[in-house]
Amino acid sequence: MAKLILSMDGLVLKEIQLDRERLTIGRKPHNDVQIDNLAISGEHAVVVTILEDSFLEDLNSTNGTLVNGQPIKKHFLRNNDIVELGKYKLKYMTDGQAVAADADPVAAARAVAQKLPGELKLEPTDTGIRSNFGTVSRPTAVPPAAIQLLSGPNAGKELLLTKTLTTLGKPGMQVAVIAKRPHGYFITHVEGEQFPVVNGQALDAQAHPLGDHDVIEIAGIKMEFFLKV
């Protein structure tokens, strides 16, 4: 299980296990990791963990978030990454990273990747659905897959799932993630009171495997998942 080591000026303050899908960091008491310092925004950043992968997102904080000395908005976390929030540091560590990299080409690719894998965001807008394709892909043994939009002005449009993590939905309303793993594709709820619906059944908080021709509904948009074989 991955973890974060919180420290300041070289002094370790806390060890945080990433045993939940969403972990918030900020100055306000309701955060999972509260850092009571004026340099930290009330809601500063969030770490989302899907299966064995974690990514960090800055929540439009006042002073920003650095990873390995570079400012980020979203960042796919890798073993030994150093997250900086003001004078505080969070070191990201995974168990068995070296073994996983040797045994799994997907993990090896992640270990040498230099930036966050691209994402596809589907957000209902006045004109239909807005998409944003990333540019970084990873090798994988699973067959290629895609989703086809079934509703809205862009119904019929096909979107390839070539990235490690594909985010679907509308931030602040409903967001889910499709994770591409060596043993298949999994959808997981990330944000919103309503959970994604697959084949007419609402999901729970657990990752759900996707099958060929499953019909998904997120943020009012229906789409079909299918394998391109």
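Refer to the structure above for everything that follows.
Residues numbered from 1 in each chain as written. Predicted model: local features only at pLDDT ≥ 70, side-chain atom pairs only at ≥ 80, totals over all residues. Heavy atoms only, no water.

### Quick notes on the overall build of the protein
Alright, step 1. When helices and strands are tallied, the protein shows two helices and 23 strands.
Alright, step 2. Counting over 229 residues, the protein shows a buried share of 45%.
Alright, step 3. Partitioning the contacts of the protein with sequence separation of at least 6, the portion at a separation of at least 24 is 42%.
Alright, step 4. Surface summary for the protein: the accessible area is close to 11,500 Å², and the carbon and sulfur share equals 51%. (Helix = DSSP H or I, 4+ residues; strand = E, 2+ residues; numbered from the N terminus. Buried < 20%, exposed > 50% of the residue type's maximum accessible area, 1.4 Å probe, protein only. Contact = heavy atoms within 4.5 Å. Areas by Shrake-Rupley, 256 points an atom, 1.4 Å probe, with all protein chains shown as cover.)

### Some details on the nonpolar core
Alright, step 1. Grouped together as the largest cluster of nonpolar side chains are 21 residues, with contacts concentrated most on Ile25, Leu56 and Leu90.
Alright, step 2. It is strand 11 (residues 88–93) that contributes the most residues to this core, three residues altogether.
Alright, step 3. In contact with Ile25, not counting residues within four places along its chain, are Asn31, Val33, Ile35, Glu43, His44, Ala45, Val47, Leu85 and Leu90.
Alright, step 4. Formed by 20 residues, the second largest nonpolar core is a distinct cluster that contains Ala145, Leu168, Ala176 and Ile216. (Core = buried A, V, L, I, M, F, W, Y, C linked by side-chain atoms within 4.5 Å.)

### Quick notes on the sheet that holds strand 11
Alright, step 1. Read across the sheet, six strands follow the order 2-1-11-10-7-8 without closing on themselves; strand pairing throughout is antiparallel. Both edges of this open sheet fall to strand 2 (11–17) and strand 8 (70–72), since each of them pairs with a single strand only. Taking the axes of each pair of neighbouring strands and ignoring which way they run, one obtains an average angle of 30 degrees across the sheet.
Alright, step 2. When strand 7 (residues 65–67) meets strand 8, the two strands line up antiparallel, connected through three bridges. Along strand 8, the bridge assignment pairs Leu66 with Pro71. (Pairing = 2+ DSSP bridges. Axes fitted to C-alpha atoms, helices over the stretch in contact; angles between N-to-C directions.)

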